[in-house]
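Report on the structure
Here are the chains, one letter per residue:
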Amino acid sequence: MQGLQVQLRSASPIRLDAEFDCGAGELVALVGPSGSGKTSMLRAIAGLWTPADVQGHIRVAGQAWLDTAAGVQLSPQQRRAGLVFQHYALFPHMTAQANVALAAGPGWSSADVQTLLARLGLALLSERRPSQLSGGQQQRVALARALVRVMPRPTADATLTPQALPGVLLLDEPFSAVDAPTRQTLYRELAALRQKVSVPMLLVTHDLAEARRLADRVVIVDAGQTLQTGEPARVFASPRNARVAELVGIQNHFEGRFYKDHAGWGRLRWTDAASSDTGLDLAVYDKNKIDDATPVTWVLNG
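Being a predicted model, the structure only gives us computed values, none of them experimental.

**Some remarks on the overall build of the protein**
Within the protein, the regular secondary structure consists of 8 helices and 15 strands. With the principal axes as the frame, the protein shows a C-alpha extent of 75 × 50 × 35 Å. Among the 302 residues that make up the protein, the fraction classed as buried is 45%. In the form shown here, the protein has an accessible surface area of approximately 14600 Å², with 50% of it arising from carbon and sulfur atoms. Charged side chains in the protein number 30 positive and 27 negative. The centres of these two groups are separated by 7 Å.

Shown next, in the form of structure tokens:
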């Protein structure tokens, strides 16, 4: 697979039970509440966090970055992971160009870095320090710094399009610290960038509207566990269980029992908080996956 494959299990210090993938050129959003383990997953992919008891693998374009069964664990320096931190983490004493150049791989010259900055609209700002840049400009510098980790050096007449590279772009809530108009501009820039850079992109966000707008697929995360994966419209409209429904903003939860009826149909009988029978039934199609009189939870979305 020319993309990212993640399967991680850990019991401490943060519980992880994660399994997902992201194809080359695809943007996948990790969605969940604060403290759900989204950032920890990004840091594990980048090699910045590896629990002592972790089991599983991380593969990018077929290359093993982590494979506990085979004893493989690449250092962060050996992984082509570009990470954009939530608050950018730019060095305050360094210029924009110096911040980007610090992360550049072998073969990158000062002129190459300047070419990349120019393509991100930062040509006239390359000698400014972070305190002299707006939030949106700082975000673009952080994005440029991440890109030099996952793409080959540009030439004067080349596009940003790389050959197949074992790299991944990791975005940790990169739009949360900017105002709404700037955020809309950055959304458009990210969409344009995706047309030029064919690497897997993982976006951490708790903003459902942002995930719906930007992502090809979403991964719902809670307490370190991946609960459901799919296209945003499908996941938000058809949550797998009550917890996913709650995390995607559906509040119409009902409890009761499922009863088989006849001719491929069944009934959902609603019970109130005291578990008393209300006598209210909802006819549903019976897929023969639930036994008669099974307690169930369902949601109404519309």
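Picking up after the structure, the text goes on.
**Focus on the side chain of H57**
Here H57 is to be found in strand β4 (residues 55–60). Judged by relative accessible area, which is 17%, H57 ranks as buried. A polar side-chain atom of H57 sits 3.2 Å from a polar atom in the side chain of R59.

**Quick look at the pattern of salt bridges**
Note on pairing: side chains with opposite charge can pair once their charged atoms come close. This structure, assessed with the given rule, holds 12 salt bridges. Put simply, R9 and D17 hold a salt bridge, and the shortest N to O gap is 2.8 Å. Residue R9 is classed as partly exposed on the basis of its relative accessible area of 31%. Residue classification places D17 among the partly exposed positions, given a relative accessible area of 22%. In this structure, the salt-bridge partner of D222 is R243, at a minimum N-O distance of 2.8 Å. Of the two residues, D222 is situated in strand β10 (residues 217–222) and R243 in helix α8 (residues 242–247); the sequence distance between them amounts to 21 residues. Residue D222 is classed as buried on the basis of its relative accessible area, which comes to 16%. Taken together, the shared-partner salt bridges connect D261, R267, R269 and D281 into one network.

**What to know about the packing of aromatic side chains**
Here the structure, examined in full by the defined rule, presents 3 aromatic pairs. Ring geometry for F175 versus Y187: centroids 5.1 Å apart, planes at 85 degrees, classification edge-to-face. Note that F175 is positioned in the loop between β8 (167–172) and α5 (180–194) and Y187 in helix α5, a separation of 12 residues in sequence. Accessibility assignment for this pair places F175 and Y187 in one class, buried. Measuring from ring centre to ring centre gives 5.5 Å for F254 and W270, while their planes differ by 85 degrees; the resulting arrangement is edge-to-face. Pair noted here: F254 is in strand β12 (residues 253–260) and W270 is in strand β13 (residues 265–271), with a separation of 16 residues, a long-range link.

**Here's the deal with the layout of surface pockets**
Its boundaries defined by the atoms lining it, the largest pocket holds a volume of some 980 Å³. Along the wall of the largest pocket there are 25 residues; nearest its centre are P239, K287, I290, T297 and W298. Only α7 (232–237), α8, β14 (277–285) and β15 (294–299) provide two or more residues apiece to the lining of the largest pocket. At 4 residues, β15 tops the list of elements feeding residues into the lining of the largest pocket.

**Observations regarding the pairing of strand β5 (residues 63–67)**
Where β4 and β5 come together, 4 bridges link them in antiparallel fashion. Note on β5: the bridge partner recorded for R59 is A64. What sits between the antiparallel neighbours β4 and β5 is a turn of 2 residues, in which A61 has the positive phi angle 50 degrees. In terms of strand pairing, β5 meets strand β6 (residues 72–73) through 2 bridges, oriented antiparallel. Across the sheet, the residue bridging to L66 is Q73, located in β6.

**Some details on helix α2 (residues 96–103)**
What α2 keeps buried is the set A96, Q97, N99, V100 and A103. Within α2, the buried residues cover an arc of 160 degrees as seen down the axis, which keeps them to one side. Taken together, the buried residues of α2 touch α3 (110–119) and α4 (135–147).

What counts and how
Residues numbered from 1 in each chain as written. Predicted model: local features only at pLDDT ≥ 70, side-chain atom pairs only at ≥ 80, totals over all residues. Heavy atoms only, no water. Helix = DSSP H or I, 4+ residues; strand = E, 2+ residues; numbered from the N terminus. Buried < 20%, exposed > 50% of the residue type's maximum accessible area, 1.4 Å probe, protein only. Areas by Shrake-Rupley, 256 points an atom, 1.4 Å probe, with all protein chains shown as cover. Lys, Arg positive; Asp, Glu negative; His and termini not counted. Charge placed at Lys NZ, Arg CZ, Asp CG, Glu CD. Polar contact = N/O pair within 3.5 Å; in protein donor to acceptor, adjacent residues only side chain to side chain. Salt bridge = Lys/Arg side-chain N within 4 Å of Asp/Glu carboxyl O. Phe/Tyr/Trp six-rings, centres within 6.5 Å; stacked < 30°, edge-to-face > 60°. 1 Å grid on protein atoms, 1.4 Å probe; cavity = no way out; pocket = protein on both sides within 12 Å on 5 of 7 lines; lining within 4 Å. Points joined across faces, edges and corners; volume = space filled by probe spheres on them. Pairing = 2+ DSSP bridges. Arc of directions from axis to C-beta. Contact = heavy atoms within 4.5 Å.

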